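For reference, the chains in residue letters:
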Amino acid sequence: MCFIDSASLSSLAEGVSRRRFLGAGLVAGLTAAAMDWGTSLVLPGVAEGAETPGASGGPGSAGVSFKWFGTDGWEITFGNKTILFDPWFSRFDSGFFTGKFNPNATLPLDEALIGQHVKKADHILIGHGHWDHMADVPYIAKKTNAMVIGSETHANVMRAAGVPEGKIVQVKGGEYMQFDGYTIEVVPGIHSMGPTKKHAVPGHLYHVPSAPTKIGDLPEGDSLIYTITIGGKFSIFLMSTANYNERAIAGLKPDVALIASIFSNQIHDFTPRLLRALNYPKIVLPTHWDNFEAPFSAPPRDLRDTFGDPANLDLWVKEVKQLSPKSQIVTMKYFESFAP
Ligand SMILES: [Zn+2]
């Protein structure tokens, strides 16, 4: 629940419900099917030019596949390698979108769903430490024996949860790690900001805490951006929250960019500067745009109902299309795969 602090939420929710009421008359005229994104199959973003993987799941010419687990959770496979990014499955209603956020809520663990979708992993990359990113990582790390890469805080949480020390790689940004046929570069990132320029559950853990059991046990602990480059050619940019240090990412030329955009309106020229710094990536995969307190049984919806325009994926896709018309934007359903 990381975009904003609870103070910002209540003021925003109030504004949205008033606007929503005023707009009801207008909306009523539009075809119910087109607007009722709760049940329609029109994924957010598609109305403004985003594509979906389609029945084929994509051309598959790059030899890389992306599977979305909702929120900022991804599985990236190439050759016999599997890399997970912020894999989180154990979603629940913490009351954040209803103004009843409870940082003392106990963290559930959906072992069955994880078992269904996570068969193996060579690396788990941690974008940042909030529960909707990292809460399931200790379990998945022990289950897969994967190498976990994250900041000092993230590493200390892994230690507290019993992940073997030999599998914990503590980074701070600037590392450029060589593996067999691919590299993983780490770039220091920044967390997104709400209207008060703050975000929920800030902070670090510079000592090994007791094993995390509740939301408040998982502070941000720095945000990290990763670039995976396969065979020295195909490169993937991974960010976990809508913010970045332009001077730190400038010059990266990813083929695929996973971009979080909710509350990007709090950042100066978020999208123009980002696309320029990344040299207008061929493929953009929006991430962390869905209501991750809603069950997986419903199609993914963005958070325009709660936060208004800053969470409206259609509007962000429209902006990207205007700034980078050649970029292909692909939005996905839960547990759907896309192979560019
Ligand atoms: Zn967060």
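Residues numbered from 1 in each chain as written. Predicted model: local features only at pLDDT ≥ 70, side-chain atom pairs only at ≥ 80, totals over all residues. Heavy atoms only, no water.

Q: For this particular structure, what's the right way to read the overall build of the protein chain?
A: When its secondary structure is counted, the protein chain shows ten helices and 14 strands. The buried share among the 340 residues of the protein chain stands at 56%. Long-range pairs, those at least 24 residues apart, make up 71% of the contacts in the protein chain between residues at least 6 apart in sequence. In the structure as shown, the protein chain presents an accessible area of about 13900 Å², 55% of it carried by carbon and sulfur atoms. (Helix = DSSP H or I, 4+ residues; strand = E, 2+ residues; numbered from the N terminus. Buried < 20%, exposed > 50% of the residue type's maximum accessible area, 1.4 Å probe, protein only. Contact = heavy atoms within 4.5 Å. Areas by Shrake-Rupley, 256 points an atom, 1.4 Å probe, with all protein chains shown as cover.)

Q: Would you take a moment to explain the packing of aromatic side chains for this structure?
A: By convention here, two paired aromatic rings are described through the distance between centres and the angle between planes. Within this structure, the stated rule accounts for 20 aromatic pairs. Residues Phe96 and Phe97 carry aromatic rings whose centres are separated by 6.2 Å and whose planes lie at 85° to one another, so their mutual orientation is edge-to-face. With a relative accessible area of 0%, Phe96 lands in the buried category. Taken together, a centroid distance of 5.0 Å and an interplanar angle of 70° make the contact between Phe263 and Phe307 edge-to-face. Taken together, the positions of Phe263 in the loop between strand E11 (256-260) and helix H8 (270-277) and Phe307 in helix H9 (residues 304-307) put the pair 44 residues apart, joining distant regions of the chain. (Phe/Tyr/Trp six-rings, centres within 6.5 Å; stacked < 30°, edge-to-face > 60°.)

Q: Explain the side chain of His128 to me, please; I cannot follow it from the model alone.
A: Topologically, His128 is positioned in the loop between strand E4 (123-125) and helix H4 (131-134). Separated by 3.2 Å, the side chains of His128 and His130 make a polar contact. A polar side-chain atom of His128 sits 3.2 Å from a polar atom in the side chain of His191. (Polar contact = N/O pair within 3.5 Å; in protein donor to acceptor, adjacent residues only side chain to side chain.)

Q: Explanation requested: the packing of H8 against helix H10 (residues 313-323) in the structure shown.
A: Two numbers describe a pair of packed helices, the interaxial angle and the distance between the axes. As a packed pair, H8 and H10 sit with axes 10 Å apart at the nearest point and diverge in direction by 50°. By the angle between their axes, H8 is oblique relative to H10. Considering the relative orientation of H8 and H10, their crossing is right-handed. Contacts between H8 and H10 involve Phe270, Thr271, Pro272 and Leu275 from the former and Trp316, Glu319, Val320 and Leu323 from the latter. Taken together, the residues of the contact of H8 with H10 break down into six nonpolar, one polar and one charged. (Axes fitted to C-alpha atoms, helices over the stretch in contact; angles between N-to-C directions. Parallel < 35°, antiparallel > 145°, perpendicular 65-115°, else oblique. Left-handed = near helix turned anticlockwise from the far one by under 90°. Nonpolar A, V, L, I, M, F, W, Y, C, P; charged D, E, K, R; others polar.)

Q: Before we go on, may I ask you to explain the pattern of salt bridges in this structure?
A: Scanning the entire structure with this criterion turns up eleven salt bridges. A salt bridge links Asp122 to Lys120; the shortest N-O distance between them is 3.5 Å. According to the relative accessible area criterion, Asp122 is partly exposed, its value standing at 25%. For Arg304, the salt bridge identified is with Asp302, shortest N-O distance 2.8 Å. Take Arg304 and Asp302: they sit in the same class, and that class is buried. Each of Lys81, Lys120 and Asp122 takes part in one network of salt bridges that share partners. (Salt bridge = Lys/Arg side-chain N within 4 Å of Asp/Glu carboxyl O.)

Q: Just to check I follow, could you spell out the pairing of strand E10 (residues 234-238) for this structure?
A: Along any regular strand the residues' side chains alternate between the sheet's two faces. Counting buried positions along E10 yields five of five residues, so the element is predominantly enclosed. Burial along E10 is two-sided: Phe234, Ile236 and Leu238 and Ser235 and Phe237, pointing in opposite directions, are all buried. By the bridge criterion, five bridges tie strand E9 (residues 224-230) to E10 in an arrangement that is antiparallel. The residue of E10 that forms the bridge with Tyr226 is Leu238. The hairpin formed by E9 and E10 contains three residues between the paired strands, and Gly231 there has a positive phi angle of roughly 60°. (Pairing = 2+ DSSP bridges.)

Q: Is there a simple way to explain the sheet that holds strand E8 (residues 182-188) in this structure?
A: Remark on secondary structure: sheet strands pair via backbone hydrogen bonds, oriented parallel or antiparallel. With mixed pairing, seven strands are arranged side by side in an open sheet as E7-E8-E9-E10-E11-E12-E13. Strand pairing shows two members of the sheet lacking a second neighbour, strand E7 (176-179) and strand E13 (328-329), which therefore form its edges. In the sheet, E7 pairs with E8 via four bridges, with the strands oriented antiparallel. Looking at the pairing, Met177 lines up with Ile184 of E8.

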